[in-house]
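Summary of the model geometry
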Amino acid sequence: MANVRRIGDVETREIEVFELELDEADRAAMRADPDAYVRDVLAEEISHINGVAVDVHILDELARGTAVSGGPYVVHHTVSGRWASRVEVTDPKQ
């Protein structure tokens, strides 16, 4: 059985939220390299990104080679705290 425990202190974090919609060319670019695509598309908004996390449902679609929907996806950018400059892309329909 898995053990889950919170580590460290709970801290206040500032988070920016964006909406991401993809056209056909964007979907192809994201399918080819999700990490690079997300970094590139956010470059004008976020000057430095330490890490990119993409929702497992989106990655499952990419791995199966099925069409990735055009979104909209929700992009969370953690501005401050332990996970500063991390980006998470989620599918709000999941």
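Here the structure is a predicted model, which is why all the values come from computation and not from measurement.

So, about the overall build of the protein chain. Along its length, the protein chain carries three helices and four strands. For the protein chain, the spread of C-alpha atoms along the three principal axes comes to 40 × 40 × 20 Å. In the protein chain, which comprises 94 residues, the proportion classed as buried is 27%. In the protein chain, once contacts between residues fewer than 6 apart in sequence are set aside, the share between residues at least 24 apart is 65%. Surface exposure of the protein chain reaches about 6,500 Å², of which carbon and sulfur atoms provide 48%. Computed over 10 positive and 19 negative side-chain charges, the inter-centroid distance for the protein chain is 9 Å.

Residues E14, E16, E44 and E45 make up a contiguous surface patch of negative charge. In this fold, E14 is placed in the segment before β1 (15-20). Since its relative accessible area comes to 48%, E14 is described here as partly exposed.

Okay, the nonpolar core next. By size, the foremost hydrophobic cluster in this structure holds 16 residues, and its most contacted members are L42, I58, V75, V87 and V89. In this structure, V87 is in contact with V38, L42, I46, I49, G51, V52, A53, V75, H76 and H77, ignoring residues within four places of it in sequence.

If you trace the backbone, D55 turns up in the loop between β2 (51-54) and α3 (56-64). In this structure D55 is buried but unpaired, with K93 as the nearest side chain of opposite charge at 9.5 Å.

Taken in spatial order, the four strands make up an open sheet running β1-β3-β4-β2, and their pairing is mixed. The sheet terminates laterally at β1 and β2, the two strands that pair on one side only. Adjacent strand axes in the sheet meet at a mean angle of 20 degrees, parallel and antiparallel pairs treated alike. Sheet analysis places strand β3 (residues 73-78) next to strand β4 (residues 86-90), joined by five bridges and oriented antiparallel. Within β4, the position partnered with V74 by the bridge is T90. Along the sheet, helix α2 (residues 34-41) contacts β1, β2 and β4; its crossing angle with β2, the most-contacted strand, is approximately 115 degrees.

Moving on: unusual backbone geometry. In most cases, non-glycine residues show a negative phi, while peptide bonds are predominantly trans. Here the phi dihedral of S85 falls at roughly 65 degrees; this positive angle occurs in a residue that is not glycine. Checked against the element boundaries, S85 lands in the loop between β3 and β4. For S85, a relative accessible area of 15% translates into the label buried.

All right, on to the side chain of T78 then. Among the secondary structure elements, T78 is positioned in strand β3. For T78, a relative accessible area of 5% puts it in the buried group. Once residues within four sequence positions are removed from consideration, T78 is found in contact with R13, E14, I15, W83, A84, S85 and R86.

About the criteria used
Residues numbered from 1 in each chain as written. Predicted model: local features only at pLDDT ≥ 70, side-chain atom pairs only at ≥ 80, totals over all residues. Heavy atoms only, no water. Helix = DSSP H or I, 4+ residues; strand = E, 2+ residues; numbered from the N terminus. Buried < 20%, exposed > 50% of the residue type's maximum accessible area, 1.4 Å probe, protein only. Contact = heavy atoms within 4.5 Å. Areas by Shrake-Rupley, 256 points an atom, 1.4 Å probe, with all protein chains shown as cover. Lys, Arg positive; Asp, Glu negative; His and termini not counted. Charge placed at Lys NZ, Arg CZ, Asp CG, Glu CD. Patch = residues over 30% accessible without salt bridge, like charges linked within 9 Å, V, L, I, M, F, W, Y side chains within 5 Å. Salt bridge = Lys/Arg side-chain N within 4 Å of Asp/Glu carboxyl O. Core = buried A, V, L, I, M, F, W, Y, C linked by side-chain atoms within 4.5 Å. Pairing = 2+ DSSP bridges. Axes fitted to C-alpha atoms, helices over the stretch in contact; angles between N-to-C directions.

Keep in mind that these numbers describe shape and distance, not what the molecule does.
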